Amino acid sequence: MNRLKSLFVPRRPVVAALALMAVALAAGSAQAAENGKFRVGIVTFLSGAAAGPFGVPSAHAAETVIDALNKGLLPAPYNTKGINGLEIEAVIIDENGGATKQVEEFRNLVERQKVDAVIGYISSGDCLAVSPVAEELKIPTVFYDCGTSRLFEENKAPKYSFRTGLDAVVDNVGAVRYLADTRPKMASIAGIQQNYAWGQDSWTDFVETTKKLRPEVKVVGEQFPKIFQGQYGAEISALSVAKPDVIHSSFWGGDMEALVLQGNARGLFDGRTLLLTCGESAMEHYKDQAPNGMVIGGRGPFGAFAPKNALSEWLRAAYSAKWNEQPVYPSFKIVQAILGLKAAVEKAAAAPGKQPDADKITAAFTSLTFESPSGTVKMARSTGHQAMQGIAYGEYYFEGGKATLKNVRSYKDTCVTPPEGVNGQDWIKSGMPGAKCD
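Residues numbered from 1 in each chain as written. Predicted model: local features only at pLDDT ≥ 70, side-chain atom pairs only at ≥ 80, totals over all residues. Heavy atoms only, no water.

## Brief notes about the overall build of the chain
Counting its regular elements, the chain contains 16 helices and 15 strands. Based on the C-alpha atoms only, the size of the chain along its principal axes is roughly 60 × 50 × 40 Å. A separation threshold of at least 6 residues defines the contact pool for the chain, and within that pool the share at least 24 residues apart is 71%. Accessible surface for the chain amounts to roughly 16200 Å². Of this, 52% is attributable to carbon and sulfur atoms. Between the averaged position of the 46 positive side-chain charges in the chain and that of its 45 negative side-chain charges there is a distance of 3 Å. (Helix = DSSP H or I, 4+ residues; strand = E, 2+ residues; numbered from the N terminus. Contact = heavy atoms within 4.5 Å. Areas by Shrake-Rupley, 256 points an atom, 1.4 Å probe, with all protein chains shown as cover. Lys, Arg positive; Asp, Glu negative; His and termini not counted. Charge placed at Lys NZ, Arg CZ, Asp CG, Glu CD.)

Laid out in structure tokens, this is it:
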């Protein structure tokens, strides 16, 4: 337990400071609706178990990039000030509290804070709850991280909702392809997932893909603890008894870090592979408390998996100079969402300094292609509202006091993504027809 506390305590003052900043910004911004600025609601976890490893890096990255955009300090094609010459004003909201609260907070952002757009949401449950409200209130809303495939399966004709990140189908097809390439002797798998849409979808996608790519592999166990449970003694015992070759988990945030610490301390990962689809987000914090050879992903080409380009080099340098650590994949993803919004607004604008209305912004965002620290982003799925990119996985090692990635493999978008208009789970179950991996 002391080892677990040591991981989280240093980040609590930062979370508290961000929460205070959010309150201050919200209080001030309510005074004026039309102030000649482009006002953006930013929603991420500033408190709770998901804050330190996930929400805080996102908020830090948002602050870093918005400040730089307002000063015109980003590399091309984003080296113009603000959004279409308008200063960006952020209203930062804490995502903690559940879906009902987030719907209320979303309405407040639109109706009282008078934001021009909303960027946010880590929890899949929050995304599913907020998306129909975004359509009702007709406000451009960019989901930067949540991964449930249901987002645009339940909202089949979105107009105002966009997701610039990837979904669980891509995560898990990529994960199985990586295991098939690197673990040819894998004979059995088990999983531990948070018991809600994200965890359930992730496990289904992983198991069904395994059945198609490695049909001889047996499923020997599955655990579904409640989200943010924090203690996993019973689940670790059950997985130990099952003795799988590979343990798959879509855990994220504090749950993920707790699972790694508790499982490693009890020898759960001795002689077997732990695969974390969200594992890169804590890469700088595992140190020697995680098993070497653990397979981790960054939910796309983000964080340590990002390509080397002018924007990724800028983000790494600016973020580390300001926050004294490297940006992880949630940081890259929120920056991607902000840059996508900037690109859409400027495409829609009639002239510099002019702000297009919501319908023109969403029309410009639909099927948009734009550049980001993760490379080129194509809004090519869900009739132009869902991003399409490749994904990478690698193995975590802590050597010489430094976290490193080894045996990294990348899979291009056409290898891990269903065709436009095709349900992801149906595509997997039918054998992923049309996948192009060469």
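So much for the structure itself; the text now carries on.
## Structural notes on the confidence of the model for the chain
Across the chain, pLDDT averages 91, with 92% of residues at or above 70. Confidence drops under a pLDDT of 50 for residues 1-17, and excluding neighbours within four residues, the segment shows 24 contacts in the predicted structure. (pLDDT = per-residue confidence, 0-100.)

## Observations concerning the pairing of strand β6 (residues 188-192)
By the criterion of burial, β6 is predominantly enclosed, with five of the five residues buried. Alternating residues of β6 divide into S188, A190 and I192 and I189 and G191, and every residue in both groups is buried. Bridging between β6 and strand β7 (residues 218-223) involves five bridges; their strand directions are parallel. Across the sheet, residue G191 finds its bridge partner in β7, namely E222. In this fold, β6 hands off to helix α8 (residues 197-213), which returns the chain to β7; that crossover is right-handed. Strand direction decides the pairing type here: β6 and strand β8 (residues 246-249), joined by three bridges, are parallel. When the bridges of β8 are listed, I189 appears paired with V246. (Buried < 20%, exposed > 50% of the residue type's maximum accessible area, 1.4 Å probe, protein only. Pairing = 2+ DSSP bridges. Right-handed = clockwise from strand over helix to strand, strands pointing away.)

## Notes on α8
Between the first and last C-alpha of α8 there are 24 Å, a value that for 17 residues agrees with the 24 Å anticipated at 1.5 Å per step. With respect to burial, α8 is a largely interior element, 12 of its 17 residues being buried. (Expected span 1.5 Å × (residues − 1).)

## Focus on the nonpolar core
In globular proteins that are soluble, nonpolar side chains generally tend to be buried together. Grouped together as the largest cluster of nonpolar side chains are 84 residues, with contacts concentrated most on I119 and L341. Examining the composition of this core, we find that 11 residues originate from one element, helix α13 (residues 329-348), more than from any other. A domain split of this core shows at least three residues from each of domain 1 (37-167 + 306-388) and domain 2 (169-304 + 390-429). With residues up to four places along the chain from it excluded, the contact list for I119 reads V40, G41, I42, V43, V142, Y144, I334, A337, I338 and L341. If you look at the next biggest cluster of nonpolar residues, it comprises 25 residues, including L166, V169, F206 and I428. (Core = buried A, V, L, I, M, F, W, Y, C linked by side-chain atoms within 4.5 Å. Domains from an automatic or database assignment.)

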